[in-house]
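Residue-level listing of the chains:
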Amino acid sequence: MKATKTLRRTALGTTAGLLALAGTMVSAGTAHADAPEDLPRASMSEPGVLYQGQYIETGYTRLILQTDGNLVVYRTPVGAPSYAKWIAPRTWGCGQKAIMQGDGNFVVYGAGDRVCWASNTFKSNKFQHASLVVWGYGGVAVNITDGFESGGSSNWNTLNSSDLY
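On to unusual backbone geometry, then. With an omega of -20°, the peptide bond between Glu 46 and Pro 47 qualifies as cis. Its location among the elements puts Pro 47 in the loop between β2 (41-45) and β3 (48-51). A positive phi is found at Arg 90, a non-glycine position, where the angle reads about 60°. Tracing the backbone through its elements, the reader meets Arg 90 in the loop between β7 (83-87) and β8 (97-100). You can call Arg 90 exposed: its relative accessible area is 60%. Its identity is not glycine, yet Asn 120 carries a phi of approximately 55°, on the positive side. Inspection of the secondary structure puts Asn 120 in the loop between β10 (115-118) and β11 (129-135). According to the relative accessible area criterion, Asn 120 is exposed, its value standing at 57%.

The structure is reproduced here in structure tokens:
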């Protein structure tokens, strides 16, 4: 059992490293294994709100709702300038607040509560808990866990990078 857990952590760590090396986040999808616990991360639980100019940051990664309305992931490699790794589509000039909602969906809203962008992630029952997680290697995901304190499962929904511009 312990060997299986160690092997799983090693495989997940290797996968995370390859994603960072490739310089991109994986396409939207769900991983059915726990994420590596030893990677630096910061999170915002439901119901959490980012207003323009606010951010979540860990390691060399920052998710910010900029004052122009864009929701952007920035990476700052050691000794190098920051660069935009991912930008949520259709948020420029629109985004006024980004909310990790109680239903598990992470949404950027504009004036009049107009939806600018959404992660389209949802909890399957009221006992689950959702949080937005920013990883030190540059990934951003919505994590939905079951309602149990220990021994529960997690679904990791990585935000899509195909809209990077």
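Structure shown, so let's carry the discussion forward.
This part takes up the confidence of the model for the chain. Any region with low pLDDT has predicted coordinates that should not be read closely. Averaged over all residues, the pLDDT of the chain equals 76, while 68% of them reach at least 70. When the criterion is pLDDT under 50, residues 1-35 qualifies, and its contacts beyond four places in sequence or with other chains add up to 48 contacts.

Once that is clear, we can look at the nonpolar core. If you look at the biggest cluster of nonpolar residues, it comprises 24 residues, and the most contacted ones within it are Leu 63, Leu 71, Phe 106, Trp 117 and Leu 132. Every element with two or more residues in this core is listed here: β2, β5 (61-65), β6 (71-75), β8, β9 (106-109), β10, β11 and β12 (140-145). Setting aside residues no more than four positions away along its own chain, Leu 132 makes contact with Ala 42, Ser 43, Met 44, Ile 56, Leu 63, Met 100, Phe 106, Val 140, Ala 141 and Val 142.

To continue, consider the pattern of salt bridges. Tallied over the full model, the rule gives three salt bridges. A salt bridge links Arg 62 to Glu 57; its shortest N-O distance comes to 3.0 Å. Of the residues examined, Glu 57 reaches a relative accessible area of 42% and is grouped as partly exposed. The partner of Lys 97 in a salt bridge is Asp 113, with the nearest N and O atoms 3.4 Å apart. Of the two residues, Lys 97 sits in strand β8 while Asp 113 sits in the loop between β9 and β10, which places them 16 residues apart along the sequence. Judged by its relative accessible area of 24%, Lys 97 is partly exposed.

Criteria and thresholds
- Residues numbered from 1 in each chain as written.
- Predicted model: local features only at pLDDT ≥ 70, side-chain atom pairs only at ≥ 80, totals over all residues.
- Heavy atoms only, no water.
- Helix = DSSP H or I, 4+ residues; strand = E, 2+ residues; numbered from the N terminus.
- Buried < 20%, exposed > 50% of the residue type's maximum accessible area, 1.4 Å probe, protein only.
- pLDDT = per-residue confidence, 0-100.
- Contact = heavy atoms within 4.5 Å.
- Core = buried A, V, L, I, M, F, W, Y, C linked by side-chain atoms within 4.5 Å.
- Salt bridge = Lys/Arg side-chain N within 4 Å of Asp/Glu carboxyl O.

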